[in-house]
Amino acid sequence: MQYAWYIPMQPSIRTEFREFLRLAIPLASAQVAQSATGFADTIIMGRLGQETLAAGGLAAITFTALLNTAGGVVIGVSPFVAEAYGAGCKARVQQVARQGLWLSLILAIPVMLFLANIDTLMRQFGQQATTVALAKTYIDIMLWGLFPALAFATLRSVVSGLSHARPVMVIVIGGTLFNIAGNYVLGFGKLGFPTLGLRGLAWASIVSLWGMFLSLVIYILRHKELKSYRLFKNLHQLKLPIFRELVFVGAPIGVSAALETGLFTVVTYLMGALGTEVLAAHQIVLQTIIVIFMVPLGMSFATTIRVGQWSGQQNYAAVRQAGYVGITSGVVFMTIMAIALLVFPQQVIGLYIDVRAAENASVLKLVMPMLIIAAVAQILDSVQKTASGALYGLKDTRVPMLISFCTFWVVGLTSGYLLGFHFGLGGTGLWLGQSIGVAIAAGVFVWRFYKLN
């Protein structure tokens, strides 16, 4: 079956930008909405006290790091679907989607087992006993949301690769609103529910994750075009050749995600070793950056799809143009956000803590320099993320994985550790070091995309 092309064979930059936005706006909106849950969680944690904020932030970033790693593997579905759609191969789309769901299940099981025993690792990283105990109550519940989160990521990649990104945005926004409301009700014990604190936030999150997954399944089954793919037929059949292809391309993406997220996770643990106040300050900066960074992350997904679709048509001039449109869009957006953070730092910090309260003075003092460094570094972080998305659209995943290791861990973590612990810069030094790694990664990813085209 051949599709009618929905885009011209030789698009202008304006046309490519318009088609990019058709994907990027709903995908970025979905990412921002999803991250808003973590943002709301952090605000509620802050209202529950500094200990809860520190423990909850530690637990949340640990769960997110593992989810992003496994999610990176299943996102490998995206370039395959986009390429098949561009080439007009419907059967290929069907096969990739089914094996992607198998991959989600197979990945979820070992990660859940690891999370169930994460408290041992936390103690070995020098976290305080009270922090570990609080964090464990959150993670023990959250691990049951891992499979629906991965399965949703798989189906999101499928429908987005078929240029149906808008329903993803609607479902995620709905799930996020439910989650935030659930956080408030269960966290603080409203509407007759008991006060569950961190446990309440976790319960609201997993109900939301299952709801989003099932909603997307229902949408696919009811949509006139999408249901013709019969994505859920013969789900019991594991096709090893296709499964291996997905793993071959997706595993390096997962490792790259683990290296990037793992850098921030290890830095968070190092912040904890510097004290509860440093960890709380870091959590404020990190959660703020995470929310903003969801936009270039969504742009990265859109760039992967656009590059993959043009690659399926073997139009390499359009591949180049699609990649550079995605990279430029990320830079423009993050530059605007960096300016906003630098102009209004007190207002941003005030979302989490009372900046006028005397007991928060030390945390405020720690947050300010971290926020300045993070704001500037996010411009380059948007470059590395969208450029890597362009490479993924070409199924170039193994070399970017090696680049990520060298830049994030060899350069970023090492320099951050030295600046933070040996040069006495504390949390500010850790943020500065990881930002150096991100900056180098940005330059190398853009250079590689240029060389491949």
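Residues numbered from 1 in each chain as written. Predicted model: local features only at pLDDT ≥ 70, side-chain atom pairs only at ≥ 80, totals over all residues. Heavy atoms only, no water.

Within the chain, the secondary structure is distributed over 16 helices and zero strands. Against the globule reference of 22 Å for 453 residues, the chain gives a C-alpha radius of gyration of 21 Å, in line with a compact fold. For the C-alpha atoms alone, the extent of the chain along its principal axes is close to 65 × 50 × 35 Å. Put simply, the chain has 453 residues, and 59% of those count as buried. (Helix = DSSP H or I, 4+ residues; strand = E, 2+ residues; numbered from the N terminus. Rg over C-alpha atoms; globule rule 2.2 N^0.38 Å. Buried < 20%, exposed > 50% of the residue type's maximum accessible area, 1.4 Å probe, protein only.)

Spanning 37 residues, helix 11 (residues 276-312) covers 51 Å between terminal C-alpha atoms, matching the ideal 54 Å at 1.5 Å per step. Along its length, helix 11 shows its largest kink, about 35°, at Met294, and proline Pro296 lies within four residues downstream of that point. Along helix 11, 34 of the 37 residues are buried, which leaves the element largely enclosed by surrounding structure. A positive backbone phi angle near 60° is found at Gln314, which sits one or two residues after helix 11. (Expected span 1.5 Å × (residues − 1). Bend = angle between axes of the 7 residues up to and from the residue.)

Let's shift gears to the nonpolar core. Ranked by size, the top nonpolar core spans 69 residues in total, and within it Met122, Tyr138, Leu146, Phe152 and Leu162 carry the most contacts. Contacts of Leu162, omitting those with residues within four sequence positions, involve Val81, Tyr85, Val93, Leu226 and Tyr229. (Core = buried A, V, L, I, M, F, W, Y, C linked by side-chain atoms within 4.5 Å. Contact = heavy atoms within 4.5 Å.)

If you add up the space inside the largest pocket, you get close to 230 Å³. As for the largest pocket, its lining consists of 13 residues, and the residues nearest its centre are Thr62, Ala65, Leu66, Leu121 and Thr265. The element that contributes the greatest number of residues to the lining of the largest pocket is helix 10 (residues 240-273), accounting for five residues. The residue makeup of the lining of the largest pocket, split by class, is nine nonpolar, four polar and no charged. A volume near 180 Å³ is recorded for the second largest pocket. Together, 13 residues line the second largest pocket, and Arg22, Leu23, Pro26, Ala165 and Arg166 are the ones closest to its centre. Listing elements by their share of the lining of the second largest pocket, those giving two or more residues are helix 1 (13-48) and helix 8 (166-188). Examining the composition of the lining of the second largest pocket, we find that six residues originate from one element, helix 1, more than from any other. (1 Å grid on protein atoms, 1.4 Å probe; cavity = no way out; pocket = protein on both sides within 12 Å on 5 of 7 lines; lining within 4 Å. Points joined across faces, edges and corners; volume = space filled by probe spheres on them. Nonpolar A, V, L, I, M, F, W, Y, C, P; charged D, E, K, R; others polar.)

Moving on, we get to empty space enclosed by the protein. Tallied over the entire structure, the rule returns four cavities of 30 Å³ or more. In this structure, the second largest cavity spans a volume of roughly 50 Å³. Around the second largest cavity, the lining residues are Ala54, Gln127, Gln128, Thr131, Gly272, Gly275, Thr276 and Leu279.

Take the pattern of salt bridges next. By the definition in use, this model includes six salt bridges. Taking the shortest distance from any N to any O, the salt bridge between Lys395 and Glu83 comes out at 2.6 Å. Of the two residues, Lys395 is situated in the loop between helix 14 (361-393) and helix 15 (398-422) and Glu83 in helix 3 (residues 77-87); the sequence distance between them amounts to 312 residues. In this structure, the salt-bridge partner of Asp140 is Lys136, at a minimum N-O distance of 2.6 Å. Of this pair, Asp140 and Lys136 both sit in helix 6 (residues 129-142), four residues apart, roughly one helical turn. (Salt bridge = Lys/Arg side-chain N within 4 Å of Asp/Glu carboxyl O.)

Another aspect to go through is the packing of helix 3 against helix 4 (residues 90-116). To describe two helices that pack against each other, one gives the angle between their axes and the distance between the axes. Where helix 3 contacts helix 4, the axes come no closer than 9 Å and their chain directions differ by 170°. Of the possible angle classes, the one that applies to helix 3 and helix 4 is roughly antiparallel. Across the interface between the two elements, Val77, Phe80, Val81, Ala84 and Tyr85 of helix 3 pack against Arg92, Val93, Val96 and Gly100 of helix 4. For the contact of helix 3 with helix 4, a count of residues per class yields seven nonpolar, one polar and one charged. (Axes fitted to C-alpha atoms, helices over the stretch in contact; angles between N-to-C directions. Parallel < 35°, antiparallel > 145°, perpendicular 65-115°, else oblique.)

The pLDDT averaged across the chain works out to 85; a share of 96% of its residues lies at or above 70. Below pLDDT 50 for its whole length, residues 1-8 participates in 24 contacts with residues either more than four positions away or in separate chains. (pLDDT = per-residue confidence, 0-100.)

Turning our attention to a nonpolar patch on the surface. The grouping of Leu274, Tyr417, Leu418, Phe421, Phe423, Leu425, Leu432, Ile436 and Ile440 at the surface amounts to a nonpolar patch, some 750 Å² of accessible area in total. Within the element layout of this structure, Phe423 appears in the loop between helix 15 and helix 16 (426-452). (Patch = residues over 30% accessible without salt bridge, like charges linked within 9 Å, V, L, I, M, F, W, Y side chains within 5 Å. Areas by Shrake-Rupley, 256 points an atom, 1.4 Å probe, with all protein chains shown as cover.)

Once that is clear, we can look at the packing of helix 3 against helix 11. Where helix 3 meets helix 11, the axes come as close as 7 Å, and the angle between the chain directions of the two elements is 40°. Looking at the two axes, helix 3 sits oblique to helix 11. Classified by chirality, the crossing of helix 11 by helix 3 is right-handed. Contacts between helix 3 and helix 11 involve Ser78, Pro79, Ala82, Glu83, Tyr85, Gly86 and Ala87 from the first element and Thr304, Ile305, Gly308, Gln309, Ser311 and Gly312 from the second. Residue classes in the contact of helix 3 with helix 11 are distributed as five nonpolar, seven polar and one charged. (Left-handed = near helix turned anticlockwise from the far one by under 90°.)

Once that is clear, we can look at unusual backbone geometry. For Gln314, which is not glycine, the phi dihedral falls at a positive 60°. Relative to the helices and strands, Gln314 is located in the loop between helix 11 and helix 12 (316-343). Residue class for Gln314 comes out exposed when judged on its relative accessible area of 59%. The phi dihedral of Lys395 is positive, around 60°, even though this residue is not glycine.

Looking now at helix 10. Within helix 10, the axis deviates most sharply at Gly250, by approximately 35°, and proline Pro252 lies no more than four positions further along. In terms of burial, helix 10 is a largely internal element, 24 of the 34 residues being buried. One or two residues past the end of helix 10 sits Gly275, with phi positive at roughly 125°.

Attention now moves to the packing of aromatic side chains. Evaluated as defined, the whole model comprises six aromatic pairs. Look at Tyr324 and Phe449: their rings are 5.4 Å apart centre to centre, the planes differ by 85°, and that puts the pair in the edge-to-face class. Here the residue Tyr324 occupies a position in helix 12, and Phe449 occupies one in helix 16, the gap between them amounting to 125 residues. Where Tyr417 meets Phe421, the ring centres are 4.9 Å apart and the plane angle is 25°; that geometry is what we call stacked. In this pair, Tyr417 and Phe421 are both assigned in helix 15, four residues apart and thus about one turn of the helix distant. The exposure class of Tyr417 is partly exposed, given its relative accessible area of 37%. Since its relative accessible area comes to 31%, Phe421 is described here as partly exposed. An aromatic cluster of three or more residues is present, and its members are Phe147, Trp210 and Phe213. The ring of Phe248 has Arg398 sitting right over it, with the charged end atom 3.9 Å from the ring centre. (Phe/Tyr/Trp six-rings, centres within 6.5 Å; stacked < 30°, edge-to-face > 60°. Lys NZ or Arg CZ within 6 Å of the ring centre and 35° of its normal.)

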